[in-house]
Amino acid sequence: MSNLFDNLKTSSNLIIDAFALDFDYLPKLIQFREQEQSYLADCIKPLFNNSTGKNILVTGRPGIGKSAAVRFVLRELEEKGLNDKVIPIYINCWKHNSEHKVLLEICNIIDYKFTHNKTTTELMQIIAKIINQKSAVICLDEIDKIENNSILYNLIEDIYKKTIILITNQENFLTTLDKRIYSRLMPETINFKHYNYEETKEILLKRIDLAFNKNVIEPEAFEEIAAK
């Protein structure tokens, strides 16, 4: 009798790469967001000249490329080997929705392992000591989901050279901040606009090429998908 796992390949006449259809898939090129990505990079560049960067609030409705564009910029830092000077840190605040959870995830990213039984204050002190030897881009995605905005105050005060990027669907998010936090944060704002119909078609065509075999999606079906 053959082993159930002798043949690990799955056969499909339809799909080449199912991951290309995944919500978390990050393309090698973010189409039609070049201007926003260039602006994000410009806000980060002062960090390479031993200065602090600009803080940024990224707003816009769900599904229009906010997180993908920021993650693309952070990936560029790593791929060009620039993360030895500027540490890229990306946190999803829906998953890590308290100050302590955010700090634990930052410790994980900067490879600090001795977090057991340490208080939030102790973690913040350790993180600041490590990051302040370099500089950092700290992205807090879904920032409106965090339980307490005090994490922002501590990051602003304790990290010397940084760019803090906040991503939210709520365009009025800044009005919810304590005045002391807002006055220290003073972010630039990037509002992501909707893709138009032609841009949507181009994005979908690229994803179809990555995910499916040829002629899997009928032209009429594609037009209906793009329209919706």
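Look above for the structure.
Residues numbered from 1 in each chain as written. Predicted model: local features only at pLDDT ≥ 70, side-chain atom pairs only at ≥ 80, totals over all residues. Heavy atoms only, no water.

1. Describing the overall build of the protein chain
Inference 1: Along the protein chain, the regular secondary structure elements total 8 helices and 5 strands.
Inference 2: Listed N to C, the secondary structure of the protein chain is α-β-α-β-α-α-β-α-β-α-β-α-α in terms of helices and strands.
Inference 3: Its C-alpha atoms put the protein chain at 55 × 55 × 35 Å along the principal axes.
Inference 4: The buried share of the protein chain, taken over its 228 residues, is 39%.
Inference 5: For the protein chain, the proportion of contacts with a sequence separation of at least 24, taken over those separated by at least 6, is 76%.
Inference 6: Accessible surface, the protein chain as shown: approximately 14000 Å² in total, 50% of it carbon and sulfur.
Inference 7: Averaging the locations of the 29 positively and 32 negatively charged side chains of the protein chain gives two centres separated by 5 Å. (Helix = DSSP H or I, 4+ residues; strand = E, 2+ residues; numbered from the N terminus. Buried < 20%, exposed > 50% of the residue type's maximum accessible area, 1.4 Å probe, protein only. Contact = heavy atoms within 4.5 Å. Areas by Shrake-Rupley, 256 points an atom, 1.4 Å probe, with all protein chains shown as cover. Lys, Arg positive; Asp, Glu negative; His and termini not counted. Charge placed at Lys NZ, Arg CZ, Asp CG, Glu CD.)

2. Section: the pairing of strand S2 (residues 86-92)
Inference 1: By the criterion of burial, S2 is predominantly enclosed, with 6 of the 7 residues buried.
Inference 2: In this sheet, strand S3 (residues 135-141) lies alongside S2 in parallel orientation, the contact comprising 7 bridges. Among the inter-strand pairings, Ile-91 is bridged to a residue of S3, identified as Leu-140. (Pairing = 2+ DSSP bridges.)

3. A short note on the sheet that holds strand S4 (residues 162-168)
Inference 1: Spatially, S2-S3-S4-S1-S5 is the arrangement adopted by the 5 strands of the open sheet, whose pairing is parallel. Edge positions in the sheet fall to S2 and strand S5 (188-191), since each has one partner strand and no second. Ignoring which end each strand starts from, the neighbouring axes of this sheet average 15° apart.
Inference 2: With 4 bridges connecting them, strand S1 (residues 56-59) and S5 associate as parallel partners. Across the sheet, Leu-57 pairs through a bridge with Thr-189, a residue of S5.
Inference 3: Contacts between helix H3 (residues 99-109) and the sheet are confined to S2 and S3, with S2 contributing the most and set at about 140° to the helix. (Axes fitted to C-alpha atoms, helices over the stretch in contact; angles between N-to-C directions.)

4. Remarks on the nonpolar core
Inference 1: Counting residues in each nonpolar core, the largest one holds 34 residues, and the members touching the most others are Ile-89, Ile-106, Ile-127, Ile-131, Leu-140, Leu-155 and Leu-166.
Inference 2: At the level of secondary structure, the elements contributing two or more residues to this core comprise S2, H3, helix H4 (120-131), S3, helix H5 (150-158), S4 and helix H6 (179-185).
Inference 3: Ranked by residue count, the leading element in this core is H4, at 6 residues.
Inference 4: Dropping the residues within four chain positions of it, Ile-131 is found in contact with Ile-87, Ile-89, Ile-106, Ala-136 and Ile-159.
Inference 5: Core analysis: the next-biggest nonpolar cluster, separate from the first, contains 19 residues, Ile-64, Val-73, Val-137 and Ile-165 among them. (Core = buried A, V, L, I, M, F, W, Y, C linked by side-chain atoms within 4.5 Å.)

Function cannot be read off these values alone, since they describe shape.
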